[in-house]
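Residues per chain are reported as follows:
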Amino acid sequence: MAEDYYKILGIERGASQDDVKKAFHKLAHKHHPDKGGDEKKFKEINEAYQVLSDANKRAQYDQFGRVFSAEGGPASGWEQAGWAWGNGQQGEGVEFDMGDLGDIFSDFFGGASPFGGGRSNSKKDIKRGKDIQVEIEIPLETTLKEHIEKIELAKQVVCHRCQGQGAEPGTKIKECFSCRGTGQVQQIRKTPFGSFTTIATCPSCKGEGTNPEKPCNVCKGEGRTKDRETIEIRIPAGIDNNQTIKVEGRGEAGRKGGKAGNLFVRIFIKQHSAFERKGDDIFTTVQINFSQAVLGDEIEIKSLEGTSLLVQIPEGTESGKVLRISGKGIPHFGGFGRGHLYIELKITTPKKITKDQKKLLEELRRSGI
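Residues numbered from 1 in each chain as written. Predicted model: local features only at pLDDT ≥ 70, side-chain atom pairs only at ≥ 80, totals over all residues. Heavy atoms only, no water.

## Considerations on the overall build of the protein chain
Inclusion rule: Starting at the N terminus, helices and strands are each numbered in turn, a helix being any DSSP run of H or I of at least four residues and a strand any DSSP run of E of at least two. Residue-level accessible areas treat just the shown protein chains as cover; the underlying method is Shrake-Rupley with a 1.4 Å probe.
A count of helices and strands for the protein chain gives nine helices and 17 strands. A total accessible area of about 23100 Å² is found for the protein chain, and carbon and sulfur atoms account for 48% of it.

## Focus on the side chain of Ser303
For the record, the criterion: The classification of residues rests on relative accessible area computed with a 1.4 Å probe and restricted to protein chains. Under 20% of the type maximum is buried, over 50% is exposed, and intermediate values are partly exposed. Think of a polar contact as two N or O atoms within 3.5 Å of one another; within protein, one of them needs to be a possible hydrogen donor and the other a possible acceptor, and neighboring residues in sequence only count if both atoms come from side chains. Throughout, a residue-residue contact means that at least one pair of heavy atoms, one from each residue, lies within 4.5 Å.
When you line up the elements, Ser303 lands in the loop between strand S14 (297-302) and strand S15 (308-313). The exposure class assigned to Ser303 is buried, which follows from its relative accessible area of 5%. Here the side chain of Ser303 touches Glu305 through a polar contact of 3.2 Å, side chain to side chain. Ignoring anything within four residues of it in the chain, the contact list for Ser303 reads Phe275 and Leu309.

## Some remarks on the nonpolar core
Cut-off, in case you're wondering: Throughout, nonpolar core names a set of buried Ala, Val, Leu, Ile, Met, Phe, Trp, Tyr and Cys residues whose side chains join them through atoms within 4.5 Å.
Counting residues in each nonpolar core, the largest one holds 34 residues, and the members touching the most others are Ile233, Leu263 and Ile267. Filtering out sequence-adjacent residues up to four positions away, Ile267 remains in contact with Ile136, Ile138, Ile235, Ile239, Asp240, Asn241, Asn242, Gln243 and Ile245. Grouped together as the second largest cluster of nonpolar side chains are 18 residues, Tyr5, Ala15, Ala28 and Val51 included.

## Section: the pairing of S14
To keep things clear, this is the line we draw: For two strands to be treated as a pair, DSSP must find at least two bridges joining them.
Summarising the sheet, S14 and S15 pair through six bridges and their orientation is antiparallel. Looking at S15, one finds that Asp297 is bridged to Ile313.

## Regarding the pattern of salt bridges
Pairing between side chains of opposite charge can happen when their charged atoms approach one another. Stated formally: Take a side-chain nitrogen of Lys or Arg and a carboxyl oxygen of Asp or Glu: if they are within 4 Å of each other, that pair is a salt bridge.
Under the counting rule described, the total for this entry stands at 21 salt bridges. The residue Asp62 makes a salt bridge to Arg13 at a minimum N-O spacing of 3.2 Å. Taken together, the residues Asp62 in helix H4 (residues 55-64) and Arg13 in the loop between helix H1 (5-9) and helix H2 (17-31) connect sequence positions 49 residues apart. In this structure Arg13 comes out as partly exposed when scored by relative accessible area, which is 46%. Of the charged contacts, one joins Glu232 and Lys150 as a salt bridge, the two residues approaching to 3.8 Å between their closest N and O atoms. With Glu232 in strand S9 (residues 224-235) and Lys150 in strand S4 (residues 147-158), this residue pair connects regions lying 82 residues apart in the sequence. A relative accessible area of 59% places Lys150 in the exposed class. Because the salt bridges share partners, they merge into one network encompassing Glu208, Glu222, Arg224, Arg255 and Lys256.

## Describing the sheet that holds strand S17 (residues 341-347)
Condition: In this description, a line fitted to the C-alpha atoms serves as the axis of each element, helices being fitted only across the stretch in contact, and the angle between N-to-C directions of two axes falls anywhere from 0 to 180 degrees.
Here we have four strands laid out as an open sheet, ordered S12-S13-S17-S16, and mixed in their pairing. Two strands close off the open sheet at either side, each with one partner strand: strand S12 (276-278) and strand S16 (322-325). For this sheet, the mean inter-axis angle between neighbouring strands, taken without regard to orientation, is 30°.

## Focus on the confidence of the model for the protein chain
Filter applied, for reference: Within a predicted model, pLDDT stands for the predictor's per-residue confidence, ranging from 0 to 100.
Looking at the protein chain, the pLDDT average stands at 82 and 82% of residues meet or exceed 70. With pLDDT under 50 throughout, residues 66-120 is counted as low confidence; its partners more than four residues away or in other chains account for 65 contacts.

## Quick word on the sheet that holds strand S3 (residues 132-138)
In space, the three strands of this open sheet follow the order S3-S11-S10, with mixed pairing throughout. Both outer strands of the open sheet, S3 and strand S10 (244-247), are each paired with one neighbouring strand and no more. Direction aside, neighbouring strands of the sheet carry axes that sit 25° apart on average. As paired strands, S10 and strand S11 (residues 263-269) are joined by four bridges and run antiparallel to one another.

## Some thoughts on a nonpolar patch on the surface
Formally: Exposure above 30% relative accessible area and no salt bridge define the residues that can form patches, which grow by joining like charges within 9 Å and nonpolar side chains of Val, Leu, Ile, Met, Phe, Trp and Tyr within 5 Å.
Judged by side-chain polarity, Phe290, Val294, Leu295, Ile353, Leu361, Leu364 and Ile369 come together as a nonpolar surface patch covering roughly 630 Å² of accessible area. Counting residues per element, the ones that place at least two in the nonpolar patch are helix H8 (290-295) and helix H9 (355-366). The biggest single contributor to the nonpolar patch is H8, with three residues. Assignment of secondary structure puts Leu364 in helix H9. The partly exposed category is assigned to Leu364, whose relative accessible area is 32%.

## Examining the packing of H2 against helix H3 (residues 39-52)
Cut-off, in case you're wondering: Reported orientations rely on four angle classes, namely roughly parallel under 35 degrees, roughly antiparallel over 145, roughly perpendicular from 65 to 115, and oblique for the rest. When the near helix sits turned anticlockwise from the far one by under a right angle, the crossing is termed left-handed; a clockwise turn instead gives a right-handed crossing. Residues were grouped as follows: Ala, Val, Leu, Ile, Met, Phe, Trp, Tyr, Cys and Pro as nonpolar; Asp, Glu, Lys and Arg as charged; and all remaining residues, including Gly, as polar.
Orientation of H2 relative to H3, taken along the N-to-C sense of each, is 165°, at an axis distance of 10 Å. The orientation of H2 with respect to H3, classified from their angle, is roughly antiparallel. You can see that H2 and H3 cross each other, and the crossing is left-handed. Across the interface between the two elements, Gln17, Val20, Lys21, Phe24, Leu27, Ala28 and His31 of H2 pack against Lys41, Phe42, Ile45, Asn46, Tyr49 and Leu52 of H3. Here the contact of H2 with H3 is composed, by residue class, of eight nonpolar, three polar and two charged.

## Description of the side chain of Arg277
Note that Arg277 resides in strand S12. A distance of 3.1 Å separates the side chain of Arg277 from the backbone oxygen of Gly238, its partner in a polar contact. Within the structure, the side chain of Arg277 is placed 3.4 Å from the side chain of Asp280, a separation counted as a polar contact. Contact partners of Arg277, with chain neighbours within four places excluded, come to Leu140, Thr143, Gly238, Ile239, Asp240, Ile282 and Ile330.

Here you go:
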């Protein structure tokens, strides 16, 4: 899409996360397909929100603009390099810039290139724990209020013996002899272009620049061990199906005291036996008899919360009529207020009736009803 994400949501580039949420909520309700909105416009709004509501994706978008994938950041590989070879005929050389060639050499040799640029991992990146993605299913009624879900994960946790340092308690952590603490070593590689000196991750310390004098007996110098951990997840009110919650620092523990990864929890909503959710509105069907439809009545139904609601059926109600009860739907995610409850009335035709009931109905039929 050609339009800017900020323009799609109608906000300034310096807008806060709260402003992003408010703008999305307002536009999503206006353009939701279930409410007669434009599906294409709704998809644009949702795409913009998915990027701008995530701090990392937003930073990448601000830096790289449209050369960006909402799933993984800026474009990479050949698409990003943008270089081209000639056809090999005389007088037709090779067109490239040195930064792009650096990326190519980095792909070949696994380290930084002699031309500059290329890929290099910092010590923090090397030690950082992996992110974890899980899926949980929750009942529809739990979306009415903020609540806590507990999940148990088998993952890498900080070693209890060395507290993540990777060394036996009381022993020292020394500078790596191979790389002299830099975490990198030089390698000379021969290529069709000649010999080049490349920078690679030190195999001895794995890029950390240090080694324990005596590795921890429990984690073998990793600073982490495999274990099970129970984590509490705060589920906000109004969360919808297929939304994802990010929990900072609750992914895999990092190596040797490195930063932990993040936990991403994808939410799925169970189907309810009586209510169907559409956006922040909920729908249900109630059966009424013929006399209630003709004469009108006040009936009692159960709300999604489980409490009783008194519903007034107007006289002369036809089968399929829909009643609306304001503010009895799903809370607006990240905002104020709630959606509505829609009740479809269906007139029930009895399969069996008594003699007296049949007599009364015959009298009604003769009277034209």
